There are 2 protein chains.
Amino acid sequence: MVLIELSNYSVFTANHYREFLIVLSALALVIFGYLLKNQVNTRSSLLKRKQLPDDEKLALLQMSKREFEVLAKIAEGKSNSEIADLLFVSENTIKTHVSNIFSKLNVKRRTEAIKQAKEYGLL
Amino acid sequence: MVLIELSNYSVFTANHYREFLIVLSALALVIFGYLLKNQVNTRSSLLKRKQLPDDEKLALLQMSKREFEVLAKIAEGKSNSEIADLLFVSENTIKTHVSNIFSKLNVKRRTEAIKQAKEYGLL
DNA sequence: GATAAAATCACCCAAAAGTATGAATGCCAT
DNA sequence: ATGGCATTCATACTTTTGGGTGATTTTATC
């Protein structure tokens, strides 16, 4: 809006650079619109990409925070033992979580879980 | 550009609607820039999302068409035997392809392969 | 403080995935 | 026609994953 006002001002104080200023203003306005859309996109993609467990969605799927953490690691390509190390628990524990994740997502394999979680907008 | 010219023309044929026209032009220019960025985004995301094997990228990774087919199935959450059935070959063949895919993507697991392939823009 | 849900872990078994090696076939381009 | 590449398949072996069951401990909630 400030840019718009400024552009219009330039037009009004027209001297022999009038045409030049008009083109310049037009350009500025186009760039402004371009950047505006850029900003809009950036914000919305940030919202989509947040790694935080969306409480509502997790609740719908009856999935706990811990299970979501494990799910995220699976999607990062981590193995059960790697996840165990990262979360400082035993591999058996991770296996339990993974099994529970599968039944809640209604899948049989981790690759399916990744696909399904993305469809649910969890990842 | 046509829009810009049009806007400038409006300014020159100024009557008592002058200010109104200027604001209108400005608005049009902003919208134009906004839509421009929109178009740019759409085109680039289409490029990224097409499921067809991008010959250039595949060539860079030395990956064959068949290997890419298998990779796509992996990303769909399919097991080796399911992929074998879908492509009408033996599971052993799929295992061979999968191993080759892993070494070319420089990963050790199918979940990692999915992640890596997406980073390379293959999926 | 009782109850419920979440998180932890173990053990066993089975299935799937992954590694290594070797080999046969078909296709394409020089 | 032949050398290289892609595709196919097999066998043997190891590792990872997944299923089922049961149990202990934390944590939160009423």
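Above this note sits the structure.
First, a word on what this report is: a plain description of the structure on this page. On a predicted model such as this, the values are computed, not experimentally measured, just so you know.

### A word on the protein's contact with DNA strand C
In the vicinity of DNA strand C lie 18 residues, with Ser64(A), Arg66(A), Val89(A), Ser90(A) and Arg110(B) positioned nearest. A distance of 2.2 Å separates a phosphate oxygen of DNA strand C from a polar side-chain atom of Ser64(A). Within the contact set of DNA strand C, a phosphate oxygen lies 2.9 Å away from a backbone nitrogen or oxygen of Asn80(B). For the surface near DNA strand C, the secondary structure elements donating two or more residues are α6 (91-105) of chain A together with α6 (91-105) of chain B. Class assignment of the residues belonging to the surface near DNA strand C gives a composition of three nonpolar, nine polar and six charged.

### A few points about the environment of Ala72(A)
Residue and element names in this part refer to chain A. Along the chain, Ala72 turns up in helix α4 (residues 65-75). Classification of Ala72 by relative accessible area gives buried; the value is 10%. For the pair Ala72 and Ile114, spaced 42 residues apart in the sequence, the C-alpha separation amounts to 8.5 Å.

### Quick word on the protein's contact with DNA strand D
Neighbouring residues of DNA strand D: 18 residues in total, closest Ser64(B), Arg66(B), Val89(B), Ser90(B) and Asn92(B). A distance of 3.3 Å separates a base oxygen of DNA strand D from a polar atom in the side chain of Lys95(A). A class-by-class count of the residues in the surface near DNA strand D yields three nonpolar, nine polar and six charged.

### Structural notes on unusual backbone geometry
Here the phi dihedral of Gln62(A) falls at roughly 60°; this positive angle occurs in a residue that is not glycine. Considering the arrangement of structural elements, one finds Gln62(A) in the loop between α3 (55-60) and α4. Non-glycine residue Phe88(B) carries a positive phi angle of around 60°. Tracing the backbone shows Phe88(B) in the loop between α5 (80-87) and α6.

### Focus on the pattern of salt bridges
Residues and elements named next belong to chain B. Under the counting rule described, the total for this entry stands at 10 salt bridges over all chains. Glu69 is paired through a salt bridge with Arg66; the nearest N and O atoms lie 3.1 Å apart. Within this pair, Glu69 and its partner Arg66 are both found in helix α4 (residues 65-75), separated by three residues, close to a single helical turn. Given a relative accessible area of 34%, Glu69 falls into the partly exposed group. The closest approach of N and O atoms between Glu67 and Lys104, which form a salt bridge, is 2.9 Å.

### Some details on helix α7 (residues 110-119) of chain B
Taken together, the buried positions of α7(B) are occupied by Arg110(B), Thr111(B), Ala113(B), Ile114(B), Gln116(B) and Ala117(B). Where α7(B) is buried, its residues meet α4 and α7 (110-119) of chain A together with α4, α5 and α6 of chain B. After α7(B) finishes, the residue Gly121(B) shows a positive phi value of roughly 75°.

### Quick look at the environment of Gly77(A)
Within the element layout of this structure, Gly77(A) appears in the loop between α4 and α5 (80-87). In this structure the C-alpha to C-alpha distance between Gly77(A) and Arg110(A), which are 33 residues apart in sequence, comes to 9.4 Å. Look past the residues within four positions of Gly77(A) in its chain and what remains in contact with it is Glu82(A), Arg109(B), Thr111(B) and Glu112(B).

Reading the values: rules and limits
Residues numbered from 1 in each chain as written. Chains lettered and ligands numbered in written order. Predicted model: local features only at pLDDT ≥ 70, side-chain atom pairs only at ≥ 80, totals over all residues. Heavy atoms only, no water. Near = heavy atom within 4 Å. Polar contact = N/O pair within 3.5 Å; in protein donor to acceptor, adjacent residues only side chain to side chain. Helix = DSSP H or I, 4+ residues; strand = E, 2+ residues; numbered from the N terminus. Nonpolar A, V, L, I, M, F, W, Y, C, P; charged D, E, K, R; others polar. Buried < 20%, exposed > 50% of the residue type's maximum accessible area, 1.4 Å probe, protein only. Salt bridge = Lys/Arg side-chain N within 4 Å of Asp/Glu carboxyl O. Contact = heavy atoms within 4.5 Å.

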